[in-house]
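Per-entry structural report
As a plain string of letters, each chain reads:
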Amino acid sequence: MRDRLGCGWRRNAVALVWIPVLLLGPVLDLHGSPGEVAFQVTIILVIAVATATAGLTGGPPWRSATPYVALSTSLAATVAGAMHASSQWLPTWILLANALPAVLRGRVLVAAVPSVALLSMGAAAVVEPFEWARLWAEGFVVLLAGLASSAFIALIDTVGELRRTRAELARVAVAEERERFSRDLHDLLGHTLSVMVVKAQAVRRLAGHDDEAVVAHATDIEKIGRQALVDVRRAVDAMRVPTLTDELDNARRALAAAGIATTVSGDGPDVGGPDEVLAWVVREAATNVLRHSGASTCRIEVVERDGRVALAVTDDGVGAPASPTVRFGGLDGLRDRVAAAGGELRVDATDGGFRLVATVPGGAR
């Protein structure tokens with residue numbers, strides 16, 4: 001969570017919670033004339049405000065100069081406090097070390113932590129009486145505080161990054177699922193509705209001339225409509241798995257109803273099992289022939305060679321749509337589907353029509 005200053009203050013809590021604790025020593029050490037006391041109080045307030053500002057504004061996205069100015073001010077005030085040569089002011093260096101990772105990062109932080117530790121040792125060296133133990137203890141504690149604070153804030157940053165990554169992955173997964181469902185729905189209903197339109201046109205042409213054919217086509221429309229409802233329910237339940245044999249048979253019957261002579265060659269009709277990828281190819285290709293080709297003949301070939309299966313659909317129609325306003329089926333979605341199976345899809349406009357070729361590994365059948 002980020003506050004209005006642009007930084008998640010919880011990230012830098014380690015620099016904020018120690019402000020009253022580590023400034024208690026200087027407050028208890030106030031001494032001297034009223035002017036000197038006022039000066040000491042001013043330094044304490046400057047350290048407190050500067051450290052709090054650095055903690056509230058420091059961190060991602062590191063676009064503001066405010067936290068750097070606040071940290072520099074805190075450093076200057078801490079150095080000024082060291083001029084009192086009192087051991088009660090030494091904890092202010094620990095507070096400064098805690099504030100460093102709230103603002104700095106990378107190599108700058110790596111250099112800043114030991115530098116502040118050395119400065120704190122210099123402040124301990126001028127405290128009377130001089131003690132080596134105090135000097136080394138001060139440097140060690142300040143260094144440890146800086147390292148611990150850096151590790152804590154790095155952990156907070158990592159957790160935040162993981163949360164953002166998880167949210168992004170969830171968003172991408174939802175988008176991909178929507179795209180998959182949209183593609184499946186298009187492939188399912190696009191073909192079915194195209195067949196129903198063709199048969200309805202046949203009913204209109206034959207009305208009053210061939211009542212038996214009209215009844216047959218009307219019956220087919222009813223059956224196709226009912227099957228479409230089943231397909232939609234299966235798609236919603238993610239259970240729709242077409243087979244190559246069924247789709248070849250459906251394509252042959254649909255194209256024949258539209259007056260397009262269709263031949264199927266190869267081992268396709270004899271292949272058992274859920275040949276889902278190639279089945280979708282046949283469905284979409286047949287839909288495009290019905291919608292766009294104006295063809296009189298169509299040839300579907302299934303050939304297996306060197307562990308790969310090639311399915312080719314060729315018609316003698318007008319080829320690819322010339323107008324950009326004409327929707328060219330679901331070939332983009334089909335190309336993604338074939339690519340996901342490790343195959344490739346090629347479409348070509350020939351002199352005598354249009355040709356679609358899908359090649360997939362044998363295991364994708």
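Everything here concerns the structure above.
Since we're looking at a predicted model, the values are computed, not measured.

Some words on the pairing of strand β2 (residues 297-305)
Strand direction decides the pairing type here: strand β1 (residues 261-266) and β2, joined by six bridges, are parallel. The residue bridging V264 from the neighbouring strand is I300, located in β2. Direction of pairing for β2 relative to strand β3 (residues 308-315): antiparallel, over a ladder of eight bridges. Opposite E304, over in β3, you have V309 as the bridge partner. The turn joining β2 and β3, which pair antiparallel and follow one another in sequence, is formed by two residues; a positive phi near 55° is taken by D306.

Some thoughts on the side chain of S74
The residue S74 is located in helix α5 (residues 66-82) in this model. The contact partners of S74, leaving out residues within four places of it in the chain, are I47, A50, T51 and L96.

Some points on helix α6 (residues 91-103)
The buried fraction of α6 is high, at 12 of 13 residues. Every buried residue of α6 is accounted for by T92, W93, I94, L95, L96, A97, N98, A99, L100, P101, A102 and V103.

Section: the sheet that holds β3
Backbone hydrogen bonds hold the strands of a sheet together, and the pairing may be parallel or antiparallel. Read across the open sheet, the five strands follow the order β1-β2-β3-β5-β4; overall the sheet is mixed. Because the sheet does not close on itself, it has two edges, and the strands there are β1 and β4 (344-350). On average, adjacent strands in this sheet sit at an angle of 10° to one another, irrespective of strand direction. Inspection of the sheet shows β3 paired to strand β5 (residues 353-361) by eight bridges, in the antiparallel sense.

Analysis parameters
- Residues numbered from 1 in each chain as written.
- Predicted model: local features only at pLDDT ≥ 70, side-chain atom pairs only at ≥ 80, totals over all residues.
- Heavy atoms only, no water.
- Pairing = 2+ DSSP bridges.
- Helix = DSSP H or I, 4+ residues; strand = E, 2+ residues; numbered from the N terminus.
- Contact = heavy atoms within 4.5 Å.
- Buried < 20%, exposed > 50% of the residue type's maximum accessible area, 1.4 Å probe, protein only.
- Axes fitted to C-alpha atoms, helices over the stretch in contact; angles between N-to-C directions.

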